[in-house]
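# Structural overview
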Amino acid sequence: MTSDELIANPTAQSDMPQSWDVTVTDSKFYWYDLITEFPSFPDFRDPLGRYMRRMQFALEATMEKRLMYLLVSRPRLRFDLKRTTSWGFFSLKLSIPILVGVEQKRDSITIELQVPADATLKKPTVQVFDKFITLNWGSLIETFSVHDLLQNYKTGLDYPSKVHYIGQTRDPAGRLLKGRLSAINRLCDLNAPENDNFVLIQRLDISTGTWRHPNDDGSPLAKDLLLKDQMDVLECVLIKYFEGNSMRIRGAREQAARQGRLRTLQTSYQLRRLQVDLGLETIDAFQNLFSDHAGLASRHVFECTLKQGETFFKRPGTA
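Sequence order as written defines residue numbering, which begins from 1 separately in each chain. In keeping with the model being predicted, local features are shown solely for residues with a pLDDT of at least 70 and side-chain atom pairs are shown and tallied solely at 80 or more, while totals for entire chains, interfaces and linings include all residues. The side-chain quantities take in all heavy atoms of the structure and omit both hydrogens and water.

## A few points about the overall build of the chain
Heads up, the rule is: Helix and strand assignments come from DSSP, with helices taken as H or I runs of at least 4 residues and strands as E runs of at least 2, each series counted from the N terminus. Per-residue accessibility, obtained with a 1.4 Å probe over protein chains only, is compared with the maximum for each type, and a residue is labelled buried under 20%, exposed over 50%, and partly exposed between these values. Two residues qualify as a contact provided that any one of their heavy atoms is within 4.5 Å of a heavy atom in the partner residue.
Across its full length, the chain holds 8 helices and 15 strands. For the chain, the spread of C-alpha atoms along the three principal axes comes to 75 × 40 × 40 Å. Counting across all 319 residues of the chain, residues that qualify as buried make up 46%. Counted over contacts in the chain with a minimum sequence separation of 6, partners at least 24 positions apart contribute 69%.

## Quick word on the packing of aromatic side chains
Which entries qualify depends on this criterion: Two rings belonging to Phe, Tyr or Trp (six-membered ring only in the last case) form a pair when the distance between their centres is within 6.5 Å. Interplanar angles under 30 degrees mark stacking, angles over 60 mark edge-to-face geometry, and anything in between is tilted. In this scheme, the term charge over a ring applies when either NZ of a lysine or CZ of an arginine sits within 6 Å of the ring centre and within 35 degrees of the ring normal.
Considering all chains together, one arrives at 11 aromatic pairs under this definition. Between Trp-20 and Tyr-269, the aromatic rings sit 5.8 Å apart at their centres with planes inclined by 75 degrees, giving edge-to-face as the arrangement. Of the two residues, Trp-20 sits in strand S1 (residues 18-31) while Tyr-269 sits in helix H8 (residues 252-269), which places them 249 residues apart along the sequence. Here Tyr-269 falls in the buried class, since its relative accessible area comes to 2%. With centroids separated by 5.2 Å and ring planes inclined at 75 degrees, the aromatic side chains of Phe-29 and Phe-286 adopt a geometry described as edge-to-face. Taken together, the positions of Phe-29 in strand S1 and Phe-286 in the loop between strand S12 (271-277) and strand S13 (289-290) put the pair 257 residues apart, joining distant regions of the chain. Taken as a pair, Phe-29 and Phe-286 share a single burial class, namely buried. By the ring-pair criterion, three or more aromatic residues cluster together here, those being Phe-29, Trp-31, Phe-198 and Phe-286. One cation-aromatic arrangement involves Arg-250 over Tyr-165; the distance from NZ or CZ to the ring centre is 4.0 Å. The residue whose ring lies beneath Lys-307 is Phe-312, and the NZ or CZ to ring-centre distance is 5.7 Å.

## Description of the sheet that holds S13
Operational definition: If DSSP finds at least two bridges between two strands, the strands pair.
What the 8 strands build is an open sheet, ordered S13-S10-S2-S11-S1-S12-S14-S15; its pairing is mixed. The outermost strands of the open sheet, each flanked by one partner alone, are S13 and strand S15 (310-314). Bridging between S1 and S12 involves 6 bridges; their strand directions are parallel. Note that in S12 the partner of Gln-18 across the bridge is Leu-271.

## Quick notes on the packing of helix H7 (residues 220-243) against H8
Heads up, the rule is: Throughout, an axis means a line fitted to C-alpha atoms (over the contacting stretch in the case of helices), and angles, computed between N-to-C directions, take values from 0 to 180 degrees. Roughly parallel covers angles under 35 degrees, roughly antiparallel covers those over 145, roughly perpendicular covers 65 to 115, and oblique covers all other angles. Crossing handedness follows the turn of the near helix against the far one: under a right angle anticlockwise gives a left-handed crossing, and clockwise gives a right-handed one. Classification convention: Asp, Glu, Lys, Arg as charged; Ala, Val, Leu, Ile, Met, Phe, Trp, Tyr, Cys, Pro as nonpolar; all other residues, Gly among them, as polar.
Taken N-terminus to C-terminus, the directions of H7 and H8 make an angle of 130 degrees; their axes are 10 Å apart at the nearest point. Judged by the angle between their axes, H7 and H8 are oblique. The handedness of the crossing between H7 and H8 comes out as left-handed. Facing H7, whose interface residues are Leu-226, Lys-228, Asp-229, Asp-232, Val-233, Glu-235, Cys-236 and Ile-239, H8 presents Arg-258, Arg-261, Leu-262, Leu-265 and Tyr-269. A breakdown of the residues in the contact of H7 with H8 according to their chemical character gives 7 nonpolar, no polar and 6 charged.

## Things to note about the pattern of salt bridges
Put simply, the test is: The working definition used for a salt bridge is a side-chain nitrogen of Lys or Arg within 4 Å of a carboxyl oxygen of Asp or Glu.
The tally for this structure, following the rule as stated, stands at 18 salt bridges. Close ionic contact of Arg-78 with Asp-196 constitutes a salt bridge, the shortest N to O distance being 3.0 Å. Taken together, the residues span a long stretch of sequence, with Arg-78 in strand S3 (residues 77-79) and Asp-196 in strand S11 (residues 195-207) at a distance of 118 residues. Per residue, the accessibility class of Arg-78 equals that of Asp-196, and both read buried. Two residues, Asp-171 and Arg-175, come together in a salt bridge whose shortest N-O distance is 3.4 Å. Residue classification places Asp-171 among the buried residues on the basis of a relative accessible area of 10%. Among the charged side chains, a salt-bridge network with shared partners connects Glu-235, Glu-243, Arg-250, Glu-254 and Arg-258.

## Regarding the nonpolar core
Our working rule: The criterion is simple. A nonpolar core is a set of buried Ala, Val, Leu, Ile, Met, Phe, Trp, Tyr and Cys residues joined through side-chain atoms within 4.5 Å.
If you look at the biggest cluster of nonpolar residues, it comprises 82 residues, and the most contacted ones within it are Ile-184, Phe-242 and Leu-274. Aside from chain neighbours lying at most four places away, what touches Phe-242 is Leu-70, Val-163, Ile-166, Leu-278, Ser-291, His-293, Ala-294 and His-300.

Here it is as structure tokens:
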């Protein structure tokens, strides 16, 4: 059968071994601890309240989509309220004192600000809180968390992010947003007080080449069912890659159910291999991921072979 005939015959395609290529098209970190610390409906009149409500709106939108999330932790950072900020001579370089770790080691970061286009002041008024800093430019107020500054500016504090848990965002009840996932809460408690916890939301692109599922009639329902199956496969694969066979959070019953699901999907799709690239074109220190099972890398690239529901990984440079 020629390639043109295969493209025209989805049933024939479904009997062929499949290989999927997976890449990340979008990636966003959210400081998860803030969700449980702030009231459900922050005050819009307050800059910190507006910041929190924007974050809640963004996370609520992900709960309606099939995206992947990773719970990660980073060293605890706070602004030092006992020391003052300082400006550089004839510049907008702002030095801000911070406290690192549970031992509150003194340090500082320096950022160079750019005047917003609609600002009415050439130098902002600075107000510092333990987790936030606000820059009042007269006509607008910018709000950043202490971790935002590490992502948006070159501060030299290039801490890696440790991955603890993998899941899917699809959850109209918004349990993640409402802090109602017991596994996430237990991990956050274990990470405290030495670390701050984040949710890394990733939008994944799954390329199957010319292959098309025989039940894909082009309808939204068919596409959603296909995406659900694909995300279930990826969730199982990423759990094995980052979490290994750890029994600390996931019990034996859940692991057996996931392996059974993966075995069923592998057979249904005749899936043999996945090539996964979790990197982005622009990489910051937050993207340096590692776990107890996966080594530190700014770009996790690996091949996963599936055999009867079991996963076998091959990383670049390995035999």
